[in-house]
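Examination of the molecular architecture
This is what each chain is made of:
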Amino acid sequence: MNWNKMLDGNLNEMKTAKILGLFLVTVAIQIQSCNTLEDIEKPVFDAYVDDNIYTAGDTVRINFKGNIDYITLYTGKPGNDYDFTDKTRFQEILYYLDFNSHARDGAQGSQVSILVSDKFDGNYNYNNILSTEWTDISERFKIAKSNERDYMSSGIKSINDAIFKGNEDTAKVYFAIRQIVKKQSEYGRGSITRIQNFRIRTQADINSDYTNFYAYSSFGFNANGVFSSPNKQSGTAGFEGTNIIILRNNSTLTSEETQDWIVSDKMAFPRAVDVGPDWGLPIKSMNDRRLDYYQVAYDEPGDYKIVLIAFNANSTEKREVKKEINIKVLPK
């Protein structure tokens, strides 16, 4: 028997079988791939809400029909608005002022005012400051008056309306803290008042935490910005430590009214910030179980367009449908 010839024949058969096997595997993979592509069909999907009119604070239930692999939701709220997926959104910046204050002794009640001006020209002298148009925002805040000796919070109050007077992209304003002491011979002794940690904060939206925008040190409060009426004793208005403004009364000339002003540097306030395009919220993926509804709370009044992108997909193909629902949210 010719063993070499037999061995060569067996090897050839093994090679042929191996090639045939590889061919069949390749064909099977291609067939499987083709079948997978054929399985991706345009999804059958619908979405609807129970009503189209709601009240601020209501939760909207979005109901679904169809068995979908993936669902992406756009609620119509800022940051999640389908109309802003391909363009930049500018979001208004919300500005707030707060500080602490206390008043030692005295009998005249409230003496301190908080003022804002976009008309001040930066010419720091007493007469020019008096002749400038200032907006008084004092009533928004709790400010210590006579004998309220413990530091109290002013409360965090919005000041956007005092800063922006037109359609300017950036407002440039000055802040002033003023103390008026009436005639002490007639109205009683004036107080020693301290204003502590005067600062501006912001919020990304009404539900976000506050963050510092201008700390006390950013206002430029210093001796060059202190101005008093000519009849005021020198050194009665000034600073303590790193974040305290102190305002005192006259110990002489008690029959005359006096004023002290402390004026900031010019402060710049951008109206809005570029927050980029909006993004959808993925609420269902292939591995999640069937989703029959989704709920969204709407706290702000307005007209909203809810958009849902439903799609089926594999590694090479994606087929989708889009559903739009318009709702109106009324004020409470």
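The model shown is predicted, which means the values in this text are computed figures rather than measured ones.

Scanning the chain for helices and strands turns up 4 helices and 23 strands. By the burial criterion, 39% of the 332 residues in the chain qualify as buried. Once local pairs closer than 6 in sequence are excluded, the contacts in the chain between residues at least 24 apart make up 75%. If you sum the accessible surface of the chain, you get close to 18,900 Å²; carbon and sulfur atoms cover 48% of it.

Before going further, it helps to spend a moment on the environment of Leu-253. The residue Leu-253 is located in the loop between β16 (244-247) and β17 (258-263) in this model. In the structure, Leu-253 is positioned 68 residues away from Ser-185 in sequence and 8.9 Å away in space, judged by C-alpha atoms.

Membership of the largest hydrophobic core comes to 32 residues, with the highest contact counts inside it found for Leu-97, Ile-159, Phe-175, Ile-177, Phe-198, Ile-200 and Phe-269. Only β6 (94-104), β7 (112-117), α3 (160-163), β11 (170-181), β12 (192-203), β16 and β18 (267-270) provide two or more residues apiece to this core. At 4 residues, the largest contribution of residues to this core is made by β11. Of all hydrophobic cores here, the second largest spans 22 residues; its members include Ala-47, Ile-68, Val-296 and Ile-327.

What follows covers the pattern of salt bridges. One pass over the full model with this rule turns up 17 salt bridges. Taking the shortest distance from any N to any O, the salt bridge between Lys-323 and Asp-46 comes out at 3.4 Å. In this pair, Lys-323 sits in strand β23 (residues 318-330) while Asp-46 sits in strand β1 (residues 46-49), placing the two residues 277 residues apart along the sequence. Given the relative accessible area of 27%, Lys-323 is considered partly exposed. Looking at Asp-46, the relative accessible area reads 29%, which means it is partly exposed. With its nearest N and O atoms 2.1 Å apart, the salt bridge here joins Lys-232 to Asp-260. Taken together, the residues span a long stretch of sequence, with Lys-232 in the loop between β14 (226-228) and β15 (237-240) and Asp-260 in strand β17 at a distance of 28 residues.

Let us look at the sheet that holds strand β2 (residues 53-55). Taken in spatial order, the 5 strands of this open sheet run β2-β23-β22-β4-β20, and their pairing is mixed. The open sheet has two free edges, formed respectively by β2 and β20 (281-284), since each of these has just one partner strand. Sheet twist, expressed as the mean angle between neighbouring strand axes with direction ignored, is 35°. Pairing geometry for strand β4 (residues 70-74) and β20, over 3 bridges, is antiparallel. If you follow Thr-72 over to β20, its bridge partner there is Pro-282.

Tracing the backbone shows Gly-238 in strand β15. Once the C-alpha coordinates of Gly-238 and Gly-225 are considered, the two residues, 13 residues apart in sequence, prove to be 9.5 Å apart. Here Gly-238 is in contact with Ile-244, Ile-245, Ile-246 and Ile-262, once residues within four sequence places are set aside.

Applying the stated criterion across every chain, the model contains 27 aromatic pairs. Here the aromatic rings of Phe-120 and Tyr-174 are separated by 4.8 Å at their centres, their planes lie at 90°, and the arrangement is edge-to-face. Here Phe-120, found in the loop between β7 and α2 (126-131), pairs with Tyr-174, found in strand β11; they are 54 residues apart in sequence, far enough to count as distant. The exposure classification of Phe-120 matches that of Tyr-174, with both residues buried. An aromatic cluster of three or more residues is present, and its members are Tyr-95, Phe-99, Phe-141, Phe-164, Phe-175, Phe-198, Phe-213, Tyr-214, Tyr-216, Phe-219, Phe-221 and Phe-269.

This brings us to unusual backbone geometry. Non-glycine residue Asp-105 carries a positive phi angle of around 60°. Relative accessible area serves as the criterion here: at 25%, Asp-105 is assigned to the partly exposed category. Phi at Leu-253 is positive, roughly 50°, even though this residue is not glycine.

The rules behind these values
- Residues numbered from 1 in each chain as written.
- Predicted model: local features only at pLDDT ≥ 70, side-chain atom pairs only at ≥ 80, totals over all residues.
- Heavy atoms only, no water.
- Helix = DSSP H or I, 4+ residues; strand = E, 2+ residues; numbered from the N terminus.
- Buried < 20%, exposed > 50% of the residue type's maximum accessible area, 1.4 Å probe, protein only.
- Contact = heavy atoms within 4.5 Å.
- Areas by Shrake-Rupley, 256 points an atom, 1.4 Å probe, with all protein chains shown as cover.
- Core = buried A, V, L, I, M, F, W, Y, C linked by side-chain atoms within 4.5 Å.
- Salt bridge = Lys/Arg side-chain N within 4 Å of Asp/Glu carboxyl O.
- Pairing = 2+ DSSP bridges.
- Axes fitted to C-alpha atoms, helices over the stretch in contact; angles between N-to-C directions.
- Phe/Tyr/Trp six-rings, centres within 6.5 Å; stacked < 30°, edge-to-face > 60°.

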